Amino acid sequence: MSTAEKPFADPDLARAQEYAAKLLLLSEGSVNKNFDPFTDIDWDNPDFAADAGEERWILPPSADPLGRHPWYTSLPKERQIEIGKYRQANIAKVGLQFEAILISGMMQHVFGLPNGSPEFRYCSHEMIEEHNHTLMFQEMVNRIGVDVPGMGPLVRQLRHLAVPVAVNFPNLFFMAVLAGEEPIDHIQKDILRSTDNIHPIMRGVMAIHIAEEARHISFAHEFLEQHVPERNAAQRFVLSLAMPLIMWILGRAIATPPRTFFDEFDVPDEVRKELFYGSDEAKKVFADYFGDVRMLAEKIGMMNPISRRLWKALGMNGHVTRFRSEPLRLVKTA
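Small disclaimer: the values here were computed from a predicted structure and weren't measured.

1. With respect to the overall build of the protein
Now for step 1: Summing up its helical and strand segments, the protein has 14 helices and 0 strands in all.
Now for step 2: Reading the helices (α) and strands (β) of the protein from amino to carboxyl end gives α-α-α-α-α-α-α-α-α-α-α-α-α-α.
Now for step 3: In summary, the protein has a C-alpha radius of gyration of 21 Å against a globular reference of 20 Å for 334 residues, a match within 12%.
Now for step 4: C-alpha extents for the protein along the principal axes are approximately 80 × 45 × 40 Å.
Now for step 5: Per-residue burial for the protein yields a buried fraction of 51% across its 334 residues.
Now for step 6: Contacts spanning at least 24 positions in sequence make up 79% of the contacts within the protein whose residues lie at least 6 apart.
Now for step 7: With an accessible surface of roughly 16,300 Å², the protein has 58% of that area assigned to carbon and sulfur atoms.

2. Things to note about the environment of Gly152
Now for step 1: Inspection of the secondary structure puts Gly152 in the loop between helix H4 (118–144) and helix H5 (153–156).
Now for step 2: Taking the C-alpha atoms as reference points, Gly152 and Lys22, separated by 130 residues in sequence, lie 37 Å from one another.

3. Points about the nonpolar core
Now for step 1: Counting residues in each nonpolar core, the largest one holds 88 residues, and the members touching the most others are Ile83, Phe174, Phe219, Leu224, Met243 and Met247.
Now for step 2: At 13 residues, helix H3 (residues 77–111) tops the list of elements feeding residues into this core.
Now for step 3: With sequence-adjacent residues up to four places away left out, Leu224 is seen in contact with Asn171, Phe174, Met175, Leu178, Pro229, Leu296 and Ile300.

4. Side note on helix H13 (residues 291–299)
Now for step 1: Burial of H13 is extensive: 7 of the 9 residues sit out of reach of the surface.
Now for step 2: On its buried side, H13 packs onto helix H7 (170–193), helix H8 (200–227), helix H9 (233–255), helix H12 (280–288) and helix H14 (305–313).
Now for step 3: A positive phi of about 75 degrees marks Gly301, the residue just after H13.

5. Re unusual backbone geometry
Now for step 1: We note that Asp266 has phi near 50 degrees; this positive angle belongs to a residue other than glycine.
Now for step 2: Relative to the helices and strands, Asp266 is located in the loop between helix H10 (259–264) and helix H11 (269–278).

6. Points about a nonpolar patch on the surface
Now for step 1: A cluster of nonpolar residues, Phe237, Val238 and Ile306, forms a patch on the protein surface that exposes about 260 Å² of accessible area.
Now for step 2: Topologically, Ile306 is positioned in helix H14.

7. A few points about the packing of helix H1 (residues 11–32) against H4
Now for step 1: With their axes 9 Å apart at the nearest point, H1 and H4 run at an angle of 30 degrees to one another. Accordingly, the angle class assigned to the pair H1 and H4 is roughly parallel. By crossing handedness, the relation of H1 to H4 is classed as left-handed. On H4, the residues that touch Tyr19, Ala20, Leu23, Leu24, Leu26, Ser27, Glu28, Ser30 and Val31 of H1 are Pro118, Glu119, Arg121, Tyr122, His125 and Glu129.
Now for step 2: A breakdown of the residues in the contact of H1 with H4 according to their chemical character gives 8 nonpolar, 3 polar and 4 charged.

8. A few points about the packing of aromatic side chains
Now for step 1: Counted under the stated rule, the structure contains 13 aromatic pairs.
Now for step 2: Ring centres of Phe261 and Phe262 lie 5.3 Å apart, and the angle between their planes is 80 degrees; this geometry places the pair in the edge-to-face category. The burial state of Phe261 is the same as that of Phe262; both residues are buried.
Now for step 3: Put simply, the rings of Tyr86, Phe261, Phe262, Phe265 and Phe276 pair up and form one aromatic cluster.

9. Re the pattern of salt bridges
One side chain can pair with another of opposite charge once the charged atoms of both are near each other.
Now for step 1: In the structure shown here, the tally under the stated rule is 18 salt bridges.
Now for step 2: The shortest N-O distance in the salt bridge between Asp47 and Arg56 comes to 2.9 Å.
Now for step 3: Note on Asp47: relative accessible area 36%, which makes it partly exposed.
Now for step 4: A salt bridge links Asp288 to Lys284; its shortest N-O distance comes to 2.8 Å. Separated by 4 residues within a single helix, Asp288 and Lys284 lie in helix H12, roughly one turn from each other.
Now for step 5: A single salt-bridge network, built from bridges that share partners, covers Arg259, Asp263, Asp269 and Arg272.

Conventions and cut-offs
Residues numbered from 1 in each chain as written. Predicted model: local features only at pLDDT ≥ 70, side-chain atom pairs only at ≥ 80, totals over all residues. Heavy atoms only, no water. Helix = DSSP H or I, 4+ residues; strand = E, 2+ residues; numbered from the N terminus. Rg over C-alpha atoms; globule rule 2.2 N^0.38 Å. Buried < 20%, exposed > 50% of the residue type's maximum accessible area, 1.4 Å probe, protein only. Contact = heavy atoms within 4.5 Å. Areas by Shrake-Rupley, 256 points an atom, 1.4 Å probe, with all protein chains shown as cover. Core = buried A, V, L, I, M, F, W, Y, C linked by side-chain atoms within 4.5 Å. Patch = residues over 30% accessible without salt bridge, like charges linked within 9 Å, V, L, I, M, F, W, Y side chains within 5 Å. Salt bridge = Lys/Arg side-chain N within 4 Å of Asp/Glu carboxyl O. Axes fitted to C-alpha atoms, helices over the stretch in contact; angles between N-to-C directions. Parallel < 35°, antiparallel > 145°, perpendicular 65-115°, else oblique. Left-handed = near helix turned anticlockwise from the far one by under 90°. Nonpolar A, V, L, I, M, F, W, Y, C, P; charged D, E, K, R; others polar. Phe/Tyr/Trp six-rings, centres within 6.5 Å; stacked < 30°, edge-to-face > 60°.

Structure (structure tokens):
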């Protein structure tokens with residue numbers, strides 16, 4: 001066959017086929033490996049009672065900045081346990097609220113998908129898993145028995161933006177998905193990797209969440225890899241500036257306890273600022289949550305001279321991972 005007679009290879013078609021194959025693989029993963037929070041966690045085991053081995057609620061120093069802070073470690077053990085219960089319950093509540101926002105936006109995203117879209121099946125699987133996560137997180141909160149608020153009152157209002165953003169600006173929506181999922185995933189992996197004695201309620205909940213969240217984060221990465229390059233140059237430039245802003249706003253909402261936490265336990269303002277905003281360690285811990293996102297930004301052309309300066313101005317520049325979930329100990333630094 002001569003060159004002129006060879007069939008034309010459509011790169012867009014090839015990319016769409018590859019995307020569909022990846023989504024089918026993720027969907028099959030949801031079918032073949034899924035969890036039920038009420039059968040896969042042994043809630044009725046006496047060791048799972050919130051008051052069983054209460055010292056296991058003390059915040060792990062290897063994974064929680066507050067857990068290794070001198071202010072916290074100097075407190076009586078009973079107070080450390082009380083604070084640990086509140087913090088872990090509130091993290092679960094924040095996770096629940098974020099999942100609810102994600103579900104509301106994703107439901108409207110699939111509503112408008114054309115017949116035959118590979119995204120419909122995968123997104124439907126993910127929403128089922130996220131619903132199970134909300135049940136799991138709420139059960140954890142209920143059993144700990146602390147009346148935590150989750151997100152702060154201002155951040156809660158972001159839930160009203162989920163649907164219009166998902167419908168009209170899906171790339172922004174899935175950036176927001178990563179802004180919430182990446183910090184939670186990072187924090188939970190650090191806790192499970194630690195050698196600290198973690199309460200089995202936390203260990204069971206986090207193990208399930210991490211296992212299924214790996215698919216959810218993978219999909220958000222694949223979605224943006226597929227759809228961001230479809231935008232024109234001006235739209236891609238706007239997205240490149242929006243990406244670090246979204247990561248900063250939602251990442252802070254996820255990772256920082258609400259003001260009520262600091263008021264409830266009389267945490268000094270200087271400790272609060274040092275732990276979550278002011279110190280070099282706090283800035284690095286927060287920036288490290290987004291190593292995978294920076295890798296994605298490089299891959300899809302979201303890192304340009306101006307956006308790089310914005311990442312740096314927000315204190316969110318740092319290492320770029322070589323592969324998803326690369327442990328920090330393996331990251332090569334200059």
